[in-house]
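# Structural overview for review
Here is how the chains run, residue by residue.
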Amino acid sequence: MNSAAIKSKAAELGIQVRITDARPFLTEAEKIKVQYDRKLFRENGFWYKRKIDNFCTPHSLLSDARSIIGSCLFYLTPDEPDPSLPGQPYGVVARYTRRNYYKELKNRLKELAKFLRKEYGAKCIVYVCGPIAEKPIARRCGIGYYGKHSIIINPVWGSWIVLGEIITDLEIEPDDVLNMSCGECDACIKACPTGAIIEPYIIDRKRCLQDLTNYSGYLPPDIAQKWDNRIYGCSLCQEVCPVNKKVKPGQPMTEIGAIGAYLPLVEILNMNEQTYRKRYGNNQVSARWIHFEAIKRNALIALGNIRDRKTIPIVEKFTKSSNQLLKKTALWALNQF
Ligand code: SF4
Ligand code: SF4
């Protein structure tokens, strides 16, 4: 079928969609396996080799899948001032996490799926951050192209987008792949503080601050020193990208899970897990897969880098913690003052 009615309904819902077929992403599966064999993922991390084929095969999720409707939501909003005061330092949150754009996009895609079921009797499954190869889908349906930082770049919104998709049994006319690339640019590779972009398009996830945000383990000094004042995520490789620099911030596309750009570090270190999850509910910083221990570790590393002497007492308190990860991290942080 022609995609015009679907695109028009999507536009009504405030999203752009593009279509691809449901063939497996074989080349991408091979690339992920090579990276797995090169040990570029953390042990016990997201990847288990046996999962890769399923991840790259839409039919593993819908056996009679014929098409995939790819979509994205723009999340760049104006910068916010850092509210830190002496004794009350704040940690920075990566741009994509300042509101829950994932939930917003999922809600809009669910509405679109409802329309497809009603109008065409279609089977539809909606994913955002799902167990499916989102970036390869976005590339093949022409939402964007791969940047050398391995993130999808949209020609209008840069890489300031979250991705989502509907897998359906409808056969829909596919869109073209974009014929675009980074060319000679290597700004993101040079800017990455930990050298995690080891080659164009290849990330050593064990060194990427974004990936380490929710890793509940000790971060060695060479990584911790590059952590800066982060509490959640990293987007430095996106900040320096010349394509992104040309994109103008817009009004927030959602109010769901709005937590802002900065979180109070000392307050978080004094919180218990229940309070934290309630306070930042509906945002991914408190999602069920987030380790609260990792968040506290991030806060301690940030304090070690900010070096506000008024925060020494809270760091010292954690040097006596029964939690070995937090104790060891606090000892590192205390050494930085
Ligand atoms: S997210 Fe941060 S650490 Fe990871 S590749 Fe980009 S700049 Fe490097
Ligand atoms: S910084 Fe340059 S190389 Fe990196 S993604 Fe942007 S355009 Fe591509």
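Residues numbered from 1 in each chain as written. Chains lettered and ligands numbered in written order. Predicted model: local features only at pLDDT ≥ 70, side-chain atom pairs only at ≥ 80, totals over all residues.

Let us look at helix α15 (residues 324-335). The first and last C-alpha atoms of α15 sit 17 Å apart over twelve residues, in line with the 16 Å expected at 1.5 Å per residue. For α15, the complete set of buried residues consists of Leu326, Thr329, Ala330 and Ala333. Buried residues of α15 fall within an arc of 105° about the axis and therefore sit on the same side. Turned more than 90 degrees away from the buried face of α15 sit Gln324 and Asn335, all of them exposed. Of the surrounding elements, those touching the buried residues of α15 are α13 (292-306) and α14 (312-318). (Helix = DSSP H or I, 4+ residues; strand = E, 2+ residues; numbered from the N terminus. Expected span 1.5 Å × (residues − 1). Buried ≥ 20, exposed ≤ 12 C-beta atoms within 10 Å, placed from the backbone. Arc of directions from axis to C-beta. Contact = placed C-beta atoms within 7 Å.)

Moving on, we get to the domain arrangement of the protein chain. When the domains of the protein chain are assigned, the result is domain 1 (4-79 + 96-168) and domain 2 (187-335). One C-alpha centre belongs to domain 1, the other to domain 2; they are set 25 Å apart. The interface of domain 1 with domain 2 comprises 31 residues on the first partner and 35 residues on the second. Contributions of two or more residues to the side of domain 1 that touches domain 2 are made by β2 (67-74) and α4 (101-120). Looking at the side of domain 1 that touches domain 2, the element that brings in the most residues is α4, giving four residues. Residue classes in the side of domain 1 that touches domain 2 are distributed as 15 nonpolar, ten polar and six charged. (Domains from an automatic or database assignment. Nonpolar A, V, L, I, M, F, W, Y, C, P; charged D, E, K, R; others polar.)

Here we take up the site of ligand 1. Around ligand 1 sit His149, Cys192, Thr194, Ala196, Ile197, Ile203, Cys208, Leu209, Gln210, Cys234, Leu236 and Cys237, and that is every residue in its neighbourhood. For the shell around ligand 1, the elements supplying multiple residues, two or more each, are α7 (209-212) and α9 (236-239). In terms of residue class, the shell around ligand 1 is built from nine nonpolar, three polar and no charged. (Near = placed C-beta within 6 Å.)

Before going further, it helps to spend a moment on the sheet that holds strand β3 (residues 90-93). Across the sheet, three strands lie side by side as β10-β3-β11; this open sheet has mixed pairing. If you trace the sheet from one side to the other, it starts and ends with β10 (230-232) and β11 (262-264), each paired once. Averaged over all pairs of adjacent strands, the angle between their axes in this sheet comes to 45°, without regard to strand direction. Direction of pairing for β3 relative to β11: antiparallel, over a ladder of three bridges. Considered in β11, the bridge of Val92 is made with Tyr262. Together, β3 and β10 form the strand contacts of α13, whose direction differs from that of β10 by roughly 165°. (Pairing = 2+ DSSP bridges. Axes fitted to C-alpha atoms, helices over the stretch in contact; angles between N-to-C directions.)

As a structural note, the neighbourhood of ligand 2 is formed by Gly147, Lys148, His149, Cys182, Cys185, Asp186, Ala187, Cys188, Val240, Cys241, Pro242 and Val243. Here the shell around ligand 2 spans two domains, since at least three of its residues come from each of domain 1 (4-79 + 96-168) and domain 2 (187-335).

Moving on, we come to the sheet that holds strand β1 (residues 16-21). Reading across from one edge, β1-β2-β7-β4 is the order of the four strands in this open sheet, with antiparallel pairing throughout. Edge strands, defined here as strands with exactly one partner in the open sheet, are β1 and β4 (124-127). Geometrically, the sheet is characterised by an average inter-axis angle of 20° between neighbouring strands, direction not taken into account. Across eight bridges, the pairing between β2 and strand β7 (residues 161-168) is antiparallel. When the bridges of β7 are listed, Gly70 appears paired with Glu165. Sheet strands touched by helix α1 (residues 4-12): β1 and β2. Its angle to β1, the strand with the most contacts, is close to 145°. Packed onto the sheet, α4 meets β2, β4 and β7 and runs at close to 25° relative to β7.

The biggest cluster of nonpolar side chains holds 84 residues, and the ones touching the most others in it are Leu73, Tyr75, Ile161, Val162 and Leu300. When we break this core down by domain, the ones giving at least three residues each are domain 1 (4-79 + 96-168) and domain 2 (187-335). What Ile161 contacts, discounting residues up to four positions off in sequence, is Cys72, Leu73, Phe74, Tyr75 and Asn154. (Core = buried A, V, L, I, M, F, W, Y, C linked by C-beta atoms within 7 Å.)

Next up on the list: the environment of Val128. Note on placement: Val128 falls in the loop between β4 and α5 (134-140). Taking C-alpha positions, Val128 is 9.5 Å from Cys72, a pair spaced 56 residues apart along the chain. When residues no more than four places from it in sequence are discounted, the contact partners of Val128 are Tyr102, Leu105, Lys106 and Gly164.

Along the chain, the position of Ser67 falls in strand β2. A tally of 24 C-beta atoms within 10 Å means that Ser67 is categorised as buried. In this structure the C-alpha to C-alpha distance between Ser67 and Ala22, which are 45 residues apart in sequence, comes to 4.8 Å. Aside from chain neighbours lying at most four places away, what touches Ser67 is Ile19, Asp21, Ala22, Thr168, Leu170, Glu171 and Ile172.

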